[in-house]
There are 4 protein chains.
Amino acid sequence: MTDRDASAEPDRSATDGASAIELARRCDNSGRWGADDQRGTLNHITPDVVVAAAGLVRLGVTVSLAKPVATRPGPTNPRPAWHVMHLETERPYATADSIHLQIHGLANTHLDALGHMFLDGVGYNGRRAADVVDMAGLRALDVAALRAGIVTRGVLLDVAAATGRPWLEPTAPVTQADLEAAEDLAGTRVRAGDAVFVHVGLEARERVQGDEDPSVRAGLTLDAVAWLHARSVAVYSGDCIEQFPDSPGAVPMPLHQLGIARMGLVLLDCPSMTELVATCHRLQRWEFLLTVAPLVIEGGTGSPVNPLAVF
Amino acid sequence: MTDRDASAEPDRSATDGASAIELARRCDNSGRWGADDQRGTLNHITPDVVVAAAGLVRLGVTVSLAKPVATRPGPTNPRPAWHVMHLETERPYATADSIHLQIHGLANTHLDALGHMFLDGVGYNGRRAADVVDMAGLRALDVAALRAGIVTRGVLLDVAAATGRPWLEPTAPVTQADLEAAEDLAGTRVRAGDAVFVHVGLEARERVQGDEDPSVRAGLTLDAVAWLHARSVAVYSGDCIEQFPDSPGAVPMPLHQLGIARMGLVLLDCPSMTELVATCHRLQRWEFLLTVAPLVIEGGTGSPVNPLAVF
Amino acid sequence: MTDRDASAEPDRSATDGASAIELARRCDNSGRWGADDQRGTLNHITPDVVVAAAGLVRLGVTVSLAKPVATRPGPTNPRPAWHVMHLETERPYATADSIHLQIHGLANTHLDALGHMFLDGVGYNGRRAADVVDMAGLRALDVAALRAGIVTRGVLLDVAAATGRPWLEPTAPVTQADLEAAEDLAGTRVRAGDAVFVHVGLEARERVQGDEDPSVRAGLTLDAVAWLHARSVAVYSGDCIEQFPDSPGAVPMPLHQLGIARMGLVLLDCPSMTELVATCHRLQRWEFLLTVAPLVIEGGTGSPVNPLAVF
Amino acid sequence: MTDRDASAEPDRSATDGASAIELARRCDNSGRWGADDQRGTLNHITPDVVVAAAGLVRLGVTVSLAKPVATRPGPTNPRPAWHVMHLETERPYATADSIHLQIHGLANTHLDALGHMFLDGVGYNGRRAADVVDMAGLRALDVAALRAGIVTRGVLLDVAAATGRPWLEPTAPVTQADLEAAEDLAGTRVRAGDAVFVHVGLEARERVQGDEDPSVRAGLTLDAVAWLHARSVAVYSGDCIEQFPDSPGAVPMPLHQLGIARMGLVLLDCPSMTELVATCHRLQRWEFLLTVAPLVIEGGTGSPVNPLAVF
């Protein structure tokens, strides 16, 4: 581990409840990329990072990381999306349809805009909710600010595999140490501009054990979020977010509150991980070209997406 | 032009109305990639094509080809999309929203599924509309069959620039000769697996002349569609489709009827071209890595998308 | 039964499958109220009928016959309605929301337009589906043609109570004889312009036995539908429709096919009956003023409604 | 005017801005019908009022007061409703569709729930917005609390006709004196439980002068709202609401803020008045049976309706 830049490591003691505020201050990227910046950690994806990521495409194999748009109700989907086939009476004969879906929740794969979350009334880059949130849509930090999409290196951090188990329990914390163990397994170091995909085995567990109570979930601890900051991660994704139920304390949802609202960290929620994990293990490759392209919803707080991993 | 494979050229005389049926027969890819194939011309995108396309990324510059989701009414948008900001009363403070949009039409950038169009009751790969089209969604040829997305070389064919004008008139045909002139301008040859983007200057014309009657539009002729087949194009896109109003004859909508329903050609409708064209001219590069990732709408006839061009 | 007009009685033998076509011919109200009529059996509600119905209001007691808009999924509600609270940021402080629902199905109380059903391609008053059904909505026989609503006498026909049971079994037929037994119980005769509400105890049965398979349902037989015609009923409603699964034969759905498509009978689907039945039994009154007011959806095939019974 | 109960008259001097707060206190119906009441002024509609209203039905003539569901964009309809015809592939052949609409605004005829408006954070019957307003819907004062609907006397107050003009100007105030002049024209006195329909000629003016700026509108003054309270009106409706733009002062929207949030006054917004006014003038009758039946949207802030006037 000599190649680690020690100065980049967060102080683990800082993750005590009492010092969450201090941590928030330390992770705050406000002003880092200019007073008007709305792209947050995507700024870590420099042109060099993009070019290097494209260089990872050696086999021409593509894997979709999207779940199907969730039109059926279930424990994680109380308000199913509508997909309606339209009557078409004009000729020549075409088919047409429409969709109605909510952006967030636990059912659809989606990208969070930076204006999705605020902490103490303030979001990324010092934007106040009172100034930004409007009934017509976000006046800033909307998903349209991310319209150029994400093209970067993706790295699978298979935390479950690193522990030797198919999945973590629903109550498990995911710590900085877990992430680093998964890094060792992957044989690569997470670096500036990366999109990390953390795997705790949720889909595998649900396949075996059935649908679970979505209010109890494994997830990242404060120190793990600080580690994402220290490593200059551009995008966080995976089959876990924060621990549910929320931790007590000043920052109950560290990934959303420290991540989105202070770091300007872009979250890719609810990816489908199964095929990605199988492909990585099969190819014994843990890095790939990732592309994510949100719909350009002006004022939108996020977008459904179909992220692609290309090997 | 000695590097052209003459055998790949369509017989231009075949484009007379009388021989449209013969042309449809000749362009038919039914069975070409197996009786169960649902991906049509995306099969032209072999792993080698993907790897080569990734090699085009040299600058790390990304351009979005998506129009904003069209929530405002207009001549091309009689049924505007809804974007609704949701009331959120739980803490910590998050914002959330939903969208409701129709897939097709002239307002939103979208990818057509192969089951979007049928000719004489039969679609790509011999699938009958009566077997495939269901009130719950397409039973086959749906957009979910394209879930692995598109990663390939994109080529800008700037037909307007090749004629020396900023735009073509609304009544202009776009012929094989026009496409080849644009090829010459680009200094590259369209080849198997490419995604072509034809530019006739619609956006520029509308910026200057105001909104136009969307029922009169420049577009591809039958012979141009046959040329796409001859060149084994994987994806057609651009600021024109067929000529509107429909041509008389057996195949009034050649791109949809020959293209989708016989070739299994994947259409990327209504891209935003302005920034792409400007970037190509600025960089004097007409090829790029293209990624398109449709939402996984099971049974869906298409999907809104944000295509990315990476240079 | 001496006050019955024998000539108004249907020939029960006519209800054999073989004579369903003849029955359809006999029940056909095409042309009865003019070639352009779009209101069907609502024409039975003459001004005198309206005035007499208003005279039934003696207690000033109103009962709603609407189920709540069904936003939760269930066996009869595979595509739940959306009710979304909107973010409001303007002052003064108001709340606002939107609804998205499908008109038909088994979950929401709704009125069928006469263009909701066709038999052999022809609907009420000789209208051909090919002429009337358009992707933009019904060109005729739409629910907007019923915009003046329904104000008439409602009569509860408590078929379950007439048999001495709290409910009929899911497989039970409801015949002309059942309707007449319920008439005897009610002490009134169904007459021209009435809205009948047939009660077989579905809600009571489901409260006790839980949600049922909605594909097996008690319902009216052909002869019962012919009786509605003979009595010049204006509106059919109740907790049963036809028998499900469909009967074999030429007219598997007699209430929809003979009723809507030939008689021009207006159906009020999925009313909430429990409070109405309890009120009728408590007051020992089986008739009341009924008002039903569909939303004016131009081109619409029906409308959600909240029918009111006033005693 | 000797039959007027002088004690019921509001003190006109109280309508000065300075005394709006005092007026709000005086009009406050909190506790009047019990601490749990959610029906507000509908409590004025006693059984006797219902029976008397039914007695107004003498001709059997019904007039709809609903505008068509507004699916086309326009100055008062920036987010048009969707009406979508569904593809139906099952047999026998039926048509089906869905609607998606927002409850409030200036385009669709709708009934306001009492939880639609709050003043200084407090709504009708002392309910605090913080307790009542939830992302899942109103926890109290929702439109489902009005599910039994409205059956009462309607009275047309033709303010325009009383001034001898076809319409008032967009900037006109509508005062207590205007309402009383319209009463004189109608030859009846507004009394407890009535639904009043104020007519200032908006539709006639727009037919002649074209669509208007909806931000400038004639409307009721504070003293007119106090008069509604003094007369124990149950429902306010008409082609004007408050004056737009909002008046300066503590109560800029008197009908919403005093009316809904203090009196618990039920507002029926955006009725179609033209046919009603023509019918009243033709019959020389200004009173009628009114029925309004909101959809039972649990948690809903209002409902689209089709109010019926029966003469």
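Reading guide: rules and limits
Residues numbered from 1 in each chain as written. Chains lettered and ligands numbered in written order. Predicted model: local features only at pLDDT ≥ 70, side-chain atom pairs only at ≥ 80, totals over all residues. Heavy atoms only, no water. Helix = DSSP H or I, 4+ residues; strand = E, 2+ residues; numbered from the N terminus. Buried < 20%, exposed > 50% of the residue type's maximum accessible area, 1.4 Å probe, protein only. Contact = heavy atoms within 4.5 Å. Areas by Shrake-Rupley, 256 points an atom, 1.4 Å probe, with all protein chains shown as cover. Pairing = 2+ DSSP bridges. Buried area = accessible area lost by both parts, 1.4 Å probe. Salt bridge = Lys/Arg side-chain N within 4 Å of Asp/Glu carboxyl O. Polar contact = N/O pair within 3.5 Å; in protein donor to acceptor, adjacent residues only side chain to side chain. Nonpolar A, V, L, I, M, F, W, Y, C, P; charged D, E, K, R; others polar. Axes fitted to C-alpha atoms, helices over the stretch in contact; angles between N-to-C directions. Parallel < 35°, antiparallel > 145°, perpendicular 65-115°, else oblique. Left-handed = near helix turned anticlockwise from the far one by under 90°. Domains from an automatic or database assignment. Phe/Tyr/Trp six-rings, centres within 6.5 Å; stacked < 30°, edge-to-face > 60°. Lys NZ or Arg CZ within 6 Å of the ring centre and 35° of its normal. Least-squares fit on C-alpha atoms with pLDDT ≥ 70 in both. pLDDT = per-residue confidence, 0-100.

## Looking at the overall build of chain A
A tally of regular secondary structure across chain A gives nine helices and 16 strands. Evaluated residue by residue, chain A yields a buried proportion of 63% over its 311 residues. Counting contacts in chain A only where the partners sit at least 6 residues apart, residues at least 24 apart contribute 77% of the total. When the accessible surface of chain A is summed, it comes to about 10500 Å², and 52% of that surface belongs to carbon and sulfur atoms.

## A look at helix 7 (residues 222-230) of chain C
All names here are of chain C. Of all the nine residues making up helix 7, eight are buried; the element is thus mostly covered by neighbouring parts of the structure. Listing the buried residues of helix 7 in full gives Leu222, Asp223, Ala224, Val225, Ala226, Trp227, Leu228 and His229. The first or second residue beyond helix 7 is serine 232, which carries a positive phi of 60°.

## Digging into the sheet that holds strand 10 (residues 219-220) of chain A
All names here are of chain A. Spatially, 8-10-12 is the arrangement adopted by the three strands of the open sheet, whose pairing is parallel. Whereas interior strands pair on both sides, the edge strands pair on one side only; in this sheet they are strand 8 (173-174) and strand 12 (241-242). With two bridges joining them, strand 8 and strand 10 adopt parallel strand pairing. Counted as the bridge partner of valine 174 is leucine 220 from strand 10.

## Considering unusual backbone geometry
Each neighbour pair has its own omega, and for A:Phe244 with A:Pro245 the value is -5°, a cis peptide bond. Inspection of the secondary structure assignment puts A:Pro245 in the loop between strand 12 and helix 8 (254-263). Phi at D:Asp120 is positive, roughly 55°, even though this residue is not glycine. Structurally, D:Asp120 is set in the loop between strand 4 (110-112) and helix 3 (129-132).

## So, the interface of chain A and chain C
Reports often express the size of an interface as the amount of accessible area lost when the parts come together. Of the residues lining the interface, 17 residues belong to chain A; the matching set on chain C comes to 18 residues. For the pair chain A and chain C, the two sides together bury roughly 1600 Å², of which 64% comes from carbon and sulfur. Contact with chain C buries surface across chain A, with A:Arg79, A:Trp82 and A:Met135 losing the most and accounting together for 45% of the total. Between chain A and chain C we count zero salt bridges in total. Put simply, chain A and chain C have seven residue pairs in polar contact (both at pLDDT 80 or more) between them. Looking at the side of chain A that touches chain C, the elements that each hand over two or more residues are strand 2 (82-85), strand 3 (97-102) and strand 5 (133-134) of chain A. Among the residues forming the side of chain A that touches chain C, the class breakdown is nine nonpolar, four polar and four charged.

## Remarks on the packing of helix 1 (residues 20-27) of chain B against helix 7 (residues 222-230) of chain B
Packed helix pairs are specified by the crossing angle of their axes together with the interaxial distance, meaning the distance between the axes. All names here are of chain B. In contact at an axis separation of 10 Å, helix 1 and helix 7 are set at 15° when each is read in the N-to-C sense. One way to sum up the angle between helix 1 and helix 7 is to call them roughly parallel. By crossing handedness, the relation of helix 1 to helix 7 is classed as left-handed. Of the residues in helix 7, those touching helix 1 at Ala20, Leu23, Arg26 and Cys27 are Leu222, Ala226 and His229.

## Considerations on the domain arrangement of chain A
All names here are of chain A. By domain assignment, chain A separates into domain 1 (12-67 + 109-310) and domain 2 (72-103). Relative placement of domain 1 and domain 2: their C-alpha centres are 29 Å apart. Contact with domain 1, which involves nine residues of that partner, is made by four residues of domain 2. Note on domain 1 versus domain 2: buried area summed over both sides is about 480 Å², and carbon and sulfur give 75% of it. On the surface where domain 1 and domain 2 come into contact, there are one residue pair in polar contact (both at pLDDT 80 or more). In terms of residues, the side of domain 1 that touches domain 2 owes the most to one element, strand 15 (residues 302-304), which gives three residues. In terms of residue class, the side of domain 1 that touches domain 2 is built from three nonpolar, three polar and three charged.

## Points about the packing of aromatic side chains
Aromatic ring pairs: the centre-centre distance and the angle between the two ring planes describe each pair. If you walk through the whole model with that rule in mind, you get twelve aromatic pairs over all chains. Aromatic pair A:Phe288 and A:Phe311: ring centres 5.3 Å apart, planes at 45°, arrangement tilted. Here A:Phe311 lies in the segment after strand 16 (308-310) and A:Phe288 lies in strand 14 (residues 287-292), a separation of 23 residues in the sequence. A network of ring pairs unites the aromatic residues A:Phe197, A:Phe288 and A:Phe311 as a single cluster. One residue, C:Arg79, lies across the ring of A:Trp82, its end atom 5.4 Å from the ring centre.

## With respect to the interface of chain A and chain B
Listed as interface residues are 69 residues of chain A and, on the opposing side, 69 residues of chain B. Summed over both sides, the interface between chain A and chain B buries roughly 5200 Å², with carbon and sulfur atoms accounting for 64% of that surface. The tally of links from chain A across to chain B stands at two salt bridges. Notably, a salt bridge pairs B:Arg72 with A:Glu298, separated by 3.5 Å at the nearest N-O pair. Linking chain A with chain B are 22 residue pairs in polar contact (both at pLDDT 80 or more). When residues of the side of chain A that touches chain B are assigned to their parent elements, the largest contribution, six residues, is made by strand 3 of chain A. Of the residues in the side of chain A that touches chain B, the class split is 39 nonpolar, 21 polar and nine charged. Bridge count for strand 3 of chain A against strand 3 (residues 97-102) of chain B is five bridges, and the pairing is antiparallel. Looking at the pairing, A:Ile99 lines up with B:Leu101 of strand 3 of chain B.

## What about the relation of the copies chain A and chain C?
Mapping between the two copies of the chain is achieved by a rotation about an axis and a shift along the axis. After a rotation of 180° and a shift along the axis of 0.0 Å, chain A superposes on chain C with an RMSD of 0.0 Å. Look at the turn and shift together and you get a two-fold axis relating the two. When each C-alpha of chain A is compared by its distance to the rotation axis, A:Pro73 comes out closest, at 3.3 Å. Comparing interface residues between copies, 100% of those in chain A also sit at the interface in chain C, which points to an isologous, same-surface contact.

## Some remarks on the sheet that holds strand 12 (residues 241-242) of chain D
Residue and element names in this part refer to chain D. Taken together, the three strands give an open sheet; going across it, the order is 8-10-12, and neighbouring strands pair in parallel fashion. The sheet is open, and its two borders are formed by strand 8 (173-174) and strand 12, each paired with just one other strand. Summarising the sheet, strand 10 (residues 219-220) and strand 12 pair through two bridges and their orientation is parallel. Each bridged residue has a counterpart across the sheet, and for glycine 219 the counterpart in strand 12 is isoleucine 241.

## Things to note about the relation of the copies chain A and chain B
With an RMSD of 0.0 Å, chain A superimposes on chain B once it is rotated by 180° and translated 0.0 Å along the axis. Counting the interface residues of chain A, we find that 100% of their copies in chain B are interface residues as well, pointing to one common contact surface.

## So, the environment of A:Glu212
Residues and elements named next belong to chain A. Examined against the element boundaries, glutamate 212 turns out to sit in the loop between helix 6 (202-209) and strand 10. Judged by its relative accessible area of 11%, glutamate 212 falls in the buried class. Considering only alpha carbons, one finds glutamate 212 and proline 73, 139 residues apart in sequence, at a separation of 14 Å. In contact with glutamate 212, not counting residues within four places along its chain, are Pro75, Pro170, Leu202, Arg205 and Glu206.

## What to know about the packing of helix 1 (residues 20-27) of chain A against helix 8 of chain A
All names here are of chain A. Viewed as axis vectors pointing N to C, helix 1 and helix 8 meet at an angle of 35°, and their least axial separation amounts to 9 Å. Crossing geometry of helix 1 relative to helix 8 is assigned as right-handed. Between helix 1 and helix 8, the residues in contact are Leu23, Ala24 and Cys27 and Leu258, Arg262 and Met263, respectively. For the contact of helix 1 with helix 8, the class distribution of residues is five nonpolar, no polar and one charged.

## Topic: the confidence of the model for chain A
The pLDDT averaged across chain A works out to 92; a share of 94% of its residues lies at or above 70. Between residues 1-15 of chain A, whose pLDDT stays under 50, and residues either more than four places distant or in other chains, the model counts 32 contacts.

## Quick word on the pattern of salt bridges
Residue and element names in this part refer to chain C. Summed over all chains, the structure comprises 44 salt bridges over all chains. Of the charged contacts, one joins aspartate 194 and arginine 153 as a salt bridge, the two residues approaching to 2.6 Å between their closest N and O atoms. A residue pair is termed long-range when its members are at least 10 positions apart, and aspartate 194 in the loop between helix 5 (176-186) and strand 7 (195-198) and arginine 153 in strand 5 (residues 150-157) qualify at 41 residues. Overall, arginine 153 belongs to the buried group, its relative accessible area being 2%.

## Here's the deal with the pairing of strand 7 of chain C
Residue and element names in this part refer to chain C. Burial along strand 7 is two-sided: Ala195 and Phe197 and Val196 and Val198, pointing in opposite directions, are all buried. Here strand 5 runs beside strand 7; their pairing, made up of four bridges, is parallel. Considered in strand 7, the bridge of glycine 154 is made with alanine 195. Where strand 7 meets strand 9 (residues 235-238), four bridges bridge the pair, whose relative direction is parallel. Residue pairing for strand 9: phenylalanine 197 is matched across the bridge by serine 237.

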